[in-house]
Amino acid sequence: KNEVEQSPQNLTAQEGEFITINCSYSVGISALHWLQQHPGGGIVSLFMLSSGKKKHGRLIATINIQEKHSSLHITASHPRDSAVYICAVRSWGAQKLVFGQGTRLTINP
Amino acid sequence: EADIYQTPRYLVIGTGKKITLECSQTMGHDKMYWYQQDPGMELHLIHYSYGVNSTEKGDLSSESTVSRIRTEHFPLTLESARPSHTSQYLCASSDGGSVEQYFGPGTRLTVT
């Protein structure tokens, strides 16, 4: 079992729908990252969380440390949101990130 | 805006060739990383560096080597490319006191 599990692995939705992507992890962490990878391969960091909730535009990320769970929400989804969304965690005292397998999101017009 | 660059972006090369993938960052970050990602799979750390003349192997065994002679430059070399090396290679960097990593655009390598 991977230390970081994401669900769903694939998600297809219609434009305008509310999207939720989940990430569960099994180790104590100092930080959790949500990353976005477009088809060209480049990765952009969306959020870094250690507690609570962060919002940036239509994106919201939450984390529950006790339950070892984080969610990424997209409101009013748009075809340009189509990408792979990756959860990554840094455990206490570690310098390295451990990555989930990613969630491939497709938003149809 | 992160200033981390990778060249080439795409490379198709024959078996047995020596290749070097370049990664440079202009942010003065002391930590740099190389990740390998097969299509549809998660990223795996193959090399990292905490500063000049410091390099370590990552979690995934790799036949590649790296060097860190200058802070801003972290090249990855494959002495003899094989089809099994076909993958995407992503470089990242972070500041010493921060957990945030900035990623380059990646190099998509195909070995025929």
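Refer to the structure presented above.
Small disclaimer: the values here were computed from a predicted structure and weren't measured.

### Topic: the overall build of chain B
For chain B, the helix and strand inventory stands at 0 helices and 11 strands. Its helices and strands taken in sequence order, chain B reads β-β-β-β-β-β-β-β-β-β-β from the N to the C terminus. Relative to the 2.2 N^0.38 estimate, which gives 13 Å for 112 residues, the radius of gyration of chain B is 13 Å and therefore close to what a compact globule would have. Its C-alpha atoms put chain B at 40 × 30 × 25 Å along the principal axes. When the 112 residues of chain B are sorted by exposure, 46% land in the buried category. Look at the contacts in chain B between residues 6 or more apart in sequence, and 54% of them connect residues 24 or more apart. Entry remark: accessible area of chain B is about 5,200 Å², with carbon and sulfur atoms responsible for 50%. Computed over 9 positive and 13 negative side-chain charges, the separation of the two mean positions in chain B equals 9 Å.

### Quick look at the interface of chain B and chain A
Size of an interface, as often reported, equals the accessible area lost when the parts are brought together. On the side of chain A, 21 residues touch chain B, which itself brings 23 residues to the contact. Remark: the boundary between chain B and chain A carries 0 salt bridges. Our count for the contact surface shared by chain B and chain A stands at 1 residue pair in polar contact (both at pLDDT 80 or more). Mapped by element, the contributors of at least two residues to the side of chain B that touches chain A are strand S4 (31–37), strand S5 (44–51) and strand S9 (87–94) of chain B. Looking at which element gives the most residues to the side of chain B that touches chain A, the answer is S4(B), with 4 residues. Here the side of chain B that touches chain A is built from residues that sort into 12 nonpolar, 5 polar and 6 charged.

### Focus: the nonpolar core
One recurring pattern in soluble globular proteins is that nonpolar side chains are buried together. Membership of the largest hydrophobic core comes to 23 residues, with the highest contact counts inside it found for Leu32(A), Trp34(A), Leu72(A) and Tyr85(A). For this core, the secondary-structure elements that each account for two or more residues are strand S3 (19–25), strand S4 (29–37), strand S5 (43–49), strand S7 (59–64), strand S8 (69–74), strand S9 (83–91) and strand S11 (103–108) of chain A. In this structure, Tyr85(A) is in contact with Gln6(A), Ile21(A), Leu35(A), Gln36(A), Leu46(A), Leu72(A), Ile74(A), Gly102(A), Thr103(A) and Leu105(A), ignoring residues within four places of it in sequence. Listed in part, the 17 residues of the second largest apolar core include Met32(B), Ala81(B), Tyr89(B) and Leu109(B).

### A closer look at the packing of aromatic side chains
Throughout the structure, instances matching the rule amount to 5 aromatic pairs over all chains. On the numbers, 6.4 Å between centres and 70° between planes, the contact of Phe99(A) with Phe103(B) is edge-to-face. Here Phe99(A), found in strand S10 (residues 98–99), pairs with Phe103(B), found in strand S10 (residues 102–103), and the two come from separate chains. A relative accessible area of 8% places Phe103(B) in the buried class. Joined through ring pairs, the aromatic side chains of Phe99(A), Tyr33(B), Tyr35(B) and Phe103(B) make up one cluster. Positioned over the ring face of Tyr50(B) is Lys31(B), at 5.3 Å from the centre of the ring. The residue whose ring lies beneath Arg68(B) is Phe74(B), and the NZ or CZ to ring-centre distance is 5.9 Å.

### Focus: the sheet that holds strand S7 (residues 65–66) of chain B
All names here are of chain B. Spatial ordering of the open sheet is given by S1-S3-S8-S7, a layout of 4 strands whose pairing is antiparallel. Each end of this open sheet is capped by a strand with a single partner; those strands are strand S1 (4–7) and S7. In terms of strand pairing, S1 meets strand S3 (residues 19–25) through 4 bridges, oriented antiparallel. What sits directly across from Ile-4, in S3, is Gln-25.

### Observations concerning the sheet that holds S3(A)
Residue and element names in this part refer to chain A. Within the open sheet, the 5 strands sit side by side as S1-S3-S8-S7-S6. Their pairing is antiparallel. Strands at the two margins of the open sheet, each flanked by one partner only, are strand S1 (4–7) and strand S6 (52–56). Each strand of the sheet is rotated relative to its neighbour by a mean of 15°, with strand direction disregarded. Here S1 runs beside S3; their pairing, made up of 4 bridges, is antiparallel.

So, how was this worked out
Residues numbered from 1 in each chain as written. Chains lettered and ligands numbered in written order. Predicted model: local features only at pLDDT ≥ 70, side-chain atom pairs only at ≥ 80, totals over all residues. Heavy atoms only, no water. Helix = DSSP H or I, 4+ residues; strand = E, 2+ residues; numbered from the N terminus. Rg over C-alpha atoms; globule rule 2.2 N^0.38 Å. Buried < 20%, exposed > 50% of the residue type's maximum accessible area, 1.4 Å probe, protein only. Contact = heavy atoms within 4.5 Å. Areas by Shrake-Rupley, 256 points an atom, 1.4 Å probe, with all protein chains shown as cover. Lys, Arg positive; Asp, Glu negative; His and termini not counted. Charge placed at Lys NZ, Arg CZ, Asp CG, Glu CD. Salt bridge = Lys/Arg side-chain N within 4 Å of Asp/Glu carboxyl O. Polar contact = N/O pair within 3.5 Å; in protein donor to acceptor, adjacent residues only side chain to side chain. Nonpolar A, V, L, I, M, F, W, Y, C, P; charged D, E, K, R; others polar. Core = buried A, V, L, I, M, F, W, Y, C linked by side-chain atoms within 4.5 Å. Phe/Tyr/Trp six-rings, centres within 6.5 Å; stacked < 30°, edge-to-face > 60°. Lys NZ or Arg CZ within 6 Å of the ring centre and 35° of its normal. Pairing = 2+ DSSP bridges. Axes fitted to C-alpha atoms, helices over the stretch in contact; angles between N-to-C directions.

Keep in mind these numbers describe shape, not what the thing actually does.
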